[in-house]
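Observations on the model geometry
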Amino acid sequence: QVQLVESGGGLAQPGGSLRLSCKASGVIFGINVMGWYRQAPGKQRELVASVTNSGTTNYANSVKGRFTISRDNARNTVDLQMNNLKPEDMAVYYCNIHIIMGRDIDYWGKGTLVTVSS
């Protein structure tokens, strides 16, 4: 069983920064992708950034150059450094791990709220 717990959400002003952290419990083997998704009210959940176990990263176009994702395999953590925040970034952010096997497996955190407002 894998559990994901997010932290670091809160209130930031436009142009400010926040750092989200996600801690995964349980043993994770093989090819996998850890990432951050977000969902705003009335909108579908979207991928913000992801990083594979080998270090390959992927970012949504809307956050490229502003957000940085990183993972620490020894600690089973994945962080999202968010700089130059915009009101459009307001959403609940969810940690995710996608394990690639014969049948793929996904685990989700409960989410942490990010508010960007003056």
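Relevant structure appears above.
Presented here is a report on the structure given in the accompanying data block.

Rules used in this analysis
Residues numbered from 1 in each chain as written. Predicted model: local features only at pLDDT ≥ 70, side-chain atom pairs only at ≥ 80, totals over all residues. Heavy atoms only, no water. Disulfide = S-S within 2.5 Å. Helix = DSSP H or I, 4+ residues; strand = E, 2+ residues; numbered from the N terminus. Buried < 20%, exposed > 50% of the residue type's maximum accessible area, 1.4 Å probe, protein only. Salt bridge = Lys/Arg side-chain N within 4 Å of Asp/Glu carboxyl O.

Turning next to the state of the cysteines. In total, this model carries one disulfide according to the counting rule given. Here Cys 22 connects covalently by a disulfide to Cys 95, the sulfurs 2.1 Å from one another. Here the S-S torsion is close to -85 degrees, and the disulfide linking Cys 22 with Cys 95 is therefore left-handed. Residue Cys 22 is found in strand β3 (residues 18-25), and its partner Cys 95 is found in strand β9 (residues 91-99); the two are separated by 73 residues along the sequence. In this structure Cys 95 comes out as buried when scored by relative accessible area, which is 0%.

Before going further, it helps to spend a moment on the pattern of salt bridges. If charged atoms from side chains of opposite charge come close, those side chains can pair. Enumeration according to the criterion identifies five salt bridges in this entry. In this structure, Arg 38 engages Asp 89 in a salt bridge whose closest nitrogen and oxygen atoms are separated by 2.9 Å. Of this pair, Arg 38 sits in strand β4 (residues 32-39) while Asp 89 is found in the loop between β8 (77-82) and β9, placing the two residues 51 residues apart along the sequence. Using a relative accessible area of 6% as the deciding quantity, one classes Arg 38 as buried. For Asp 89, a relative accessible area of 1% translates into the label buried. For Asp 72, the salt bridge identified is with Arg 75, shortest N-O distance 3.8 Å. For Arg 75, a relative accessible area of 57% gives the class exposed. Several salt bridges share partner residues, and in doing so they unite Arg 38, Glu 46, Arg 66 and Asp 89 into one network.

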